[in-house]
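One letter stands for each residue in the lines below.
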Amino acid sequence: MANRTSLSDTLQQALREHPEGPLCVAFSGGPDSSALLHALAHLPAARTRGLRAIHVDHGLHAQSARWAAHCRAFSATLGLACEVYVAKVDRSGGIGLEAAARHARYAIFAEHVHAHERLVFGHHQDDQAETVLLKLLRGAGPEGLGGMRVERPLGPGLAWRPLLDVPRQVLRDYIEAHDLPCIHDPSNDDRQLARNHLRHEVMPLLRAHWPQAMISITHSAMLCRMAADTLQQDWLAAFENLRDDASNSLDARGWLALPSALRDPLLAHWLHAQGLSAPTTAQRQQLERQCTAQEGQLPRIQWPGTEVHVWRNRLWAMALRSQPSSPGALSWQGEELRLPDGGSLTLEPVSRLAVALEVRWRSGGERIKPAGDRHTRELRALFQSGAIPPWQRDFCPLLYEGDQLVAVADHWLSARAETIFREAGARPHWRPGR
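In this report, we go over the structure that sits alongside the text. Note that the coordinates shown come from a computational prediction; the quantities given were computed from them, not determined experimentally.

1. Quick notes on the nonpolar core
Okay, so step 1: Grouped together as the largest cluster of nonpolar side chains are 35 residues, with contacts concentrated most on Leu7, Leu11, Val25, Phe27, Leu37, Leu40 and Leu51.
Okay, so step 2: Of all the secondary-structure elements, those providing two or more residues to this core are helix H1 (7-17), strand S1 (23-26), helix H2 (31-41), helix H4 (64-77), strand S3 (82-86) and helix H8 (168-178).
Okay, so step 3: The element contributing the most residues to this core is H2, with six residues.
Okay, so step 4: In contact with Val25, not counting residues within four places along its chain, are Ser33, Leu36, Leu37, Leu40, Leu51, Arg52, Ala53, Ile54, Leu119 and Val120.
Okay, so step 5: Judged by nonpolar contacts, the second largest core, of 31 residues, contains Trp332, Leu339, Leu347 and Trp361.

Okay, structure coming up:
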């Protein structure tokens, strides 16, 4: 365990062990990140690596703009730049305000971290212990019980947590010794929130009975991390075999055949890579039961922020959203057209059609004669035989010239549509929104 005067020494050692890449501090203005930024600013080895700071204003508190100004001023006293970004916290996903704010914050970090830059976080040993206990209470396996990683990919850079072996008190002692001004976020006092309840109510009891609890918990996390990393080699190999690059779907029965120790982290990895949340144990078990659905069945499993479909013996994941309403017909001559489900219709390469087509939506009974086909086909039959998932069909753009259906997105084009697009030297490109 690091002693209470070792913050600068700990950081100096961490910089020696990881000498590559510029540095940026994820700076909330609270005690932990303030101690981290101040300590790094006084280390020449950090300054020579272009040390800077990023602050995210979540806009969730009346004082958030004042906090952002404090972070800029604090950084300026150290001769450092602090970039402030305002997050758009989406509360509609059903994942809770804390999780929604975290998703918004990390999206900004991923967007604004520089290539090969280390985004440094002030997370410490107590944070790690809290994370591991929360994961335990939520039924996590080795990956979750391994807690936060010291480093992991983040956008074009890395998230770096060099203080996970350092007790919180080391940072608080540093703040006191240097008389540093810090922001106090009152949401950290709300004991209705799980982490705050654990921090203020449970952890003091654990320390009273087991003084070495933090060390023991984080040691167990290290062992779980080692086990998870060993398992990762196997489930990553399985992931490469089960995932289809073109559709980003998974072989449902192949996934179900894996041992649970590989199946669970593989599913979480697939979902997290799409910015989606992993299921609870009960939700995952429901998904497993639906993996053997019969032909014609279209199971859909939902949890806050995420839905997974089982179709054609494959798993398809997407963000959980309300069904958009169908607008009226839209005129289109090749410009990028935003579709109701969040998708788009474009021409590739960029061009302009000589005639204006009308984009409509499925209502039933549509028919088209694809170029080279001797027969006129019902759209319903084409959808069933084609590769368009059921949840995309209602907002598949249907292209009309007058009252004649000439193209179904970029999947089926009539002879007339072939002529129209050949004259423009381009092809339609449909990107579904979900």
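Following the structure, the description resumes.
2. Description of the environment of Gly334
Okay, so step 1: Tracing the backbone through its elements, the reader meets Gly334 in the loop between strand S11 (330-332) and strand S12 (337-338).
Okay, so step 2: Taking the C-alpha atoms as reference points, Gly334 and Asp229, separated by 105 residues in sequence, lie 48 Å from one another.
Okay, so step 3: Contacts of Gly334, omitting those with residues within four sequence positions, involve Thr346, Leu347, Ser351 and Leu353.

3. Examining the packing of H1 against H2
Okay, so step 1: Between H1 and H2, the least distance of the axes is 10 Å, while the angle of their chain directions is 65°. Judged on the interaxial angle alone, H2 and H1 are roughly perpendicular. Crossing hand, H1 versus H2: right-handed. In contact with Leu7, Ser8, Leu11 and Leu15 of H1, H2 contributes Ala35, Leu36, Ala39 and Leu40.
Okay, so step 2: Tallied by class, the residues present in the contact of H1 with H2 amount to seven nonpolar, one polar and no charged.

4. A look at the packing of aromatic side chains
Both the distance between ring centres and the angle between the ring planes are used here to describe each pair of aromatic rings.
Okay, so step 1: Scanning all chains against the criterion turns up ten aromatic pairs.
Okay, so step 2: Against the face of Tyr106 rests Arg102, its NZ or CZ located 4.3 Å from the ring centre.
Okay, so step 3: The side chain of Arg118 reaches across the aromatic face of Trp160, ending 4.9 Å from its centre.

What counts and how
- Residue numbers here run from 1 along each chain, matching the order of that chain's written sequence.
- Under the rules for a predicted model, residues below a pLDDT of 70 receive no local features and side-chain atom pairs below 80 are neither given nor counted, while totals for whole chains, interfaces and linings still include all residues.
- Note: side-chain values were computed over all heavy atoms of the structure, leaving out hydrogens and water.
- Nonpolar cores were defined as sets of buried Ala, Val, Leu, Ile, Met, Phe, Trp, Tyr and Cys residues, with membership established by side-chain atoms within 4.5 Å.
- The rule is simple: take the accessible area with a 1.4 Å probe, protein chains only, and divide by the maximum for that residue type; under 20% is buried, over 50% is exposed, in between is partly exposed.
- Only DSSP runs of H or I with at least four residues qualify as helices, and only runs of E with at least two residues qualify as strands; both kinds are numbered from the N terminus onward.
- In what follows, residue pairs with any heavy atoms lying within 4.5 Å of each other are defined as contacts.
- Axes here refer to lines fitted to C-alpha atoms; in helices the fit is confined to the stretch in contact. Angles between the N-to-C directions go from 0 to 180 degrees.
- For this classification, under 35 degrees means roughly parallel, over 145 means roughly antiparallel, 65 to 115 means roughly perpendicular, and everything else is oblique.
- By convention the crossing between two helices is left-handed if the near helix lies anticlockwise of the far one by an angle smaller than a right angle, and right-handed if it lies clockwise.
- Following the grouping adopted for this structure description, the nonpolar residues are Ala, Val, Leu, Ile, Met, Phe, Trp, Tyr, Cys and Pro, the charged ones are Asp, Glu, Lys and Arg, and the polar ones are all others, Gly among them.
- By convention, a stacked pair of Phe, Tyr or Trp rings (six-membered ring in the case of Trp) has centres within 6.5 Å and planes under 30 degrees apart, an edge-to-face pair has planes over 60 apart, and any other such pair is tilted.
- As a reminder, the over-ring test applies to NZ of lysine and CZ of arginine, requiring each to be within 6 Å of the ring centre and within 35 degrees of the ring normal.

Taken by themselves, the reported measurements are silent on function.
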